[in-house]
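Listed below are the residues making up each chain.
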Amino acid sequence: MRFLLDAEQRAFAGSLDAMLTAADTPSVVREWSRGEHASGRALWSRVADAGVFALAVPEVHEGLGVRPVELAVAFVELGRHAVPGPLVETVAAAALLAGLPDPGPAKRLLPALAAGDTMATLAWRTPYALDGDVAATRLALTAEGLRLAPGHGPVRASLDPARRLTPLDPGGELLGTDLPTAEALVRARLATAAQALGVGLALLDRTVAHVGQRTQFGVPVGSFQAVKHRLADAKVALEFARPLLFGAALTMDPADVAAAKVTACEAAYATARTALQLHGAIGYTAEYDLSLWLTKARVLRTAWGGPQECRAEVLSGGARRW
C-alpha cells in the first residue's frame, strides 16, 4: 500500500517548511533554551496561524476538527526545523479537554489553544511538565483526575536544553475525573513519531551536505563507500518509518501508532548516531547547530513511551486482533 500525500497536504507541508526556514529556528531554539521566549512565542503564533493547533481541536471549540494525517504532516515539519515548545503536550491536552464529560473546561480553554493565544503543557502522571514557565494552561494528570495547576516551580535542566522541565504546583481546579487518557496517549505518540521523523530527515540532510563538502585524501568524504552505506541505512530506516506514520494516522489504532512511534524514533536515533560519527569532532560541540537535532532525537525516543513500552503495545494489539 502506498501512502502519498495529496496536493493540498503537500502544499501545507511546503508552506510550513518555507515559513520555518525563514524564521531561522536555530536562533529561536537557542534563545528558548536560555529562557528568552519572545521569538519563540512569535513563532508559536505563526504556527498557530497556519492552523497546526486547530488540527487537534474539534470544530465545536473553534478548531478545524481532529485531523490526524494533517497533524502528522505538520509535526514532521516542526521536527525538521526543531521548533521548541510544548507542541506534543498541547495536542495531548486538547484530547483530554475535548473528551471531558463536562464541556465547560473545553469551551473555556480550547479556543485559545487552537488560535495559538496560549500554550498548554501537561504533566503526565509525573510532577514535571515541559515549559511550564511559559505555558499559560498547565494541566496535571494525577490519581484524582485532571487538574489545572496554579503555578510551577523552578526550571530543571534536560538533556535537550530546549526542553525545559518545570515541576507543577499541587492542587488547583479539578477539571474532570473520567478522562480519555487512551485517546490522548495515542495522539501524543503520533505527534511524537512525526516530530522524530522530521528530526531524522533534518539530520540526514545536514549530514549529506557535510560529507559532500568535507574532504579527505583530496576527495569528498561522501565519496567513500563506507560513508555511503551508513547514509543509505539511515535513509532506508527513515523512509520505512514514513508509511507506518501515515498509515497509523489513518487508522489511529493504538498498536499501529505505537509501531510508528518506535520505528520513527529508532530511525531518528540511529540517524543521529550516524550524523555524529560522520561529522567528527565538530558534531560534539553545542555551538554547532547539529546539536539541536541530536539531543532532540535522543529525548523523543523515550517521550510518551520508550521502545520497550511501544513494542509491548504492538504485541498486545496484534494478540487482540487475532
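Right above here is the structure, for reference.
As the structure is a computational prediction, the values presented were derived from the model and not from experiment.

(A) Structural context of the overall build of the protein chain. For the protein chain, the count of helices and strands is eleven helices and eight strands. In summary, the protein chain has a C-alpha radius of gyration of 19 Å against a globular reference of 20 Å for 322 residues, a match within 12%. Here the C-alpha coordinates of the protein chain stretch approximately 70 × 50 × 35 Å along the principal axes. Going through the 322 residues of the protein chain one by one, you find that 54% of them count as buried.

(B) Main features of the environment of Gly172. Position of Gly172 relative to the elements: it lies in the loop between strand 5 (165-167) and strand 6 (173-176). Accessibility expressed as a relative area gives 33% for Gly172, which makes it partly exposed. Between the alpha carbons of Gly172 and Ala248 there is a distance of 36 Å; along the sequence they are 76 residues apart. Once you skip the residues sitting within four places of it in the chain, Gly172 turns out to touch Arg147, Leu148 and Pro150.

(C) Quick look at the environment of Leu203. Summarising the element assignment, Leu203 is placed in helix 7 (residues 181-213). In this structure the C-alpha to C-alpha distance between Leu203 and Thr271, which are 68 residues apart in sequence, comes to 6.7 Å.

(D) Looking closely at the sheet that holds strand 6. Within the open sheet, the four strands sit side by side as 1-3-4-6. Their pairing is mixed. The open sheet has two edge strands, strand 1 (120-124) and strand 6, and neither has a second partner. On average, adjacent strands in this sheet sit at an angle of 30 degrees to one another, irrespective of strand direction. In this sheet, strand 6 lies alongside strand 4 (residues 146-148) in antiparallel orientation, the contact comprising three bridges. Bridging from a neighbouring strand, Arg147 pairs with Leu174 of strand 6. Of the strands in this sheet, strand 1, strand 3 (137-141), strand 4 and strand 6 touch helix 6 (residues 104-115), which is tilted by about 90 degrees from strand 6.

(E) The arrangement of helix 3 (residues 38-49) in detail. In this model helix 3 runs 17 Å from its N-terminal to its C-terminal C-alpha over twelve residues, within 8% of the 16 Å that 1.5 Å per residue would give. All of the buried residues along helix 3 are Gly40, Leu43, Trp44, Val47 and Ala48. Across the axial projection of helix 3, the buried residues extend over an arc of 140 degrees, all falling on one side. Every exposed residue of helix 3 that faces more than 90 degrees away from the buried side is listed here: Ala38 and Asp49. Where helix 3 is buried, its residues touch helix 1 (7-22), helix 2 (25-33), helix 4 (68-80), helix 5 (87-98) and helix 6. Just downstream of helix 3 lies Gly51, where phi reads positive at about 95 degrees.

(F) Seen up close, the pattern of salt bridges. What the rule picks out here adds up to 15 salt bridges. Linking Arg80 and Glu77 is a salt bridge whose minimum nitrogen-to-oxygen distance equals 3.2 Å. On the criterion of helical spacing, the pair formed by Arg80 and Glu77 is a turn pair, its members being three residues apart in helix 4. What makes Arg80 partly exposed here is its relative accessible area of 22%. A salt bridge links Glu266 to Arg301, with the shortest nitrogen-to-oxygen separation between them at 2.4 Å. Of this pair, Glu266 sits in helix 9 (residues 254-279) while Arg301 sits in helix 10 (residues 290-302); the two residues are 35 residues apart in sequence, bridging distant segments of the chain. The structure contains a network of salt bridges with shared partners spanning Glu77, Arg80 and Asp205.

(G) Representation of unusual backbone geometry in the model. Residues other than glycine seldom take positive phi values, yet Asp24 does so here, at roughly 55 degrees. Relative to the helices and strands, Asp24 is located in the loop between helix 1 and helix 2. On the basis of relative accessible area, Asp24 is assigned to the partly exposed category, the value being 41%.

(H) Expanded view of the pairing of strand 1. In terms of burial, strand 1 is largely enclosed, as five of its five residues are buried. Side-chain alternation along strand 1 places Ala120, Leu122 and Trp124 on one buried face and Thr121 and Ala123 on a second face that is also buried. Bridge count between strand 1 and strand 3: five bridges; the pairing is parallel. Bridge assignment links Leu122 to a residue of strand 3, and that residue is Leu139.

(I) Quick look at the packing of aromatic side chains. On inspection of all chains with the given rule, the structure shows two aromatic pairs. A ring pair is formed by Trp44 and Phe53, whose centres lie 4.4 Å apart and whose planes are at 20 degrees; its orientation type is stacked. Residue Trp44 is classed as buried on the basis of its relative accessible area, which comes to 4%. Assessed through its relative accessible area of 3%, Phe53 is described here as buried.

(J) Representation of empty space enclosed by the protein within the structure. Under the definition given, this model contains two cavities of 30 Å³ or more. The calculated volume of the largest cavity comes to roughly 110 Å³. Along the wall of the largest cavity there are 16 residues; nearest its centre are Gly85, Leu130, Arg163, Gln195 and Lys296. Counting residues per element, the ones that place at least two in the lining of the largest cavity are helix 5, helix 7 and helix 10. The element best represented in the lining of the largest cavity is helix 5, accounting for three residues.

Definitions and cut-offs
- Residues numbered from 1 in each chain as written.
- Predicted model: local features only at pLDDT ≥ 70, side-chain atom pairs only at ≥ 80, totals over all residues.
- Heavy atoms only, no water.
- Helix = DSSP H or I, 4+ residues; strand = E, 2+ residues; numbered from the N terminus.
- Rg over C-alpha atoms; globule rule 2.2 N^0.38 Å.
- Buried < 20%, exposed > 50% of the residue type's maximum accessible area, 1.4 Å probe, protein only.
- Contact = heavy atoms within 4.5 Å.
- Pairing = 2+ DSSP bridges.
- Axes fitted to C-alpha atoms, helices over the stretch in contact; angles between N-to-C directions.
- Expected span 1.5 Å × (residues − 1).
- Arc of directions from axis to C-beta.
- Salt bridge = Lys/Arg side-chain N within 4 Å of Asp/Glu carboxyl O.
- Phe/Tyr/Trp six-rings, centres within 6.5 Å; stacked < 30°, edge-to-face > 60°.
- 1 Å grid on protein atoms, 1.4 Å probe; cavity = no way out; pocket = protein on both sides within 12 Å on 5 of 7 lines; lining within 4 Å.
- Points joined across faces, edges and corners; volume = space filled by probe spheres on them.

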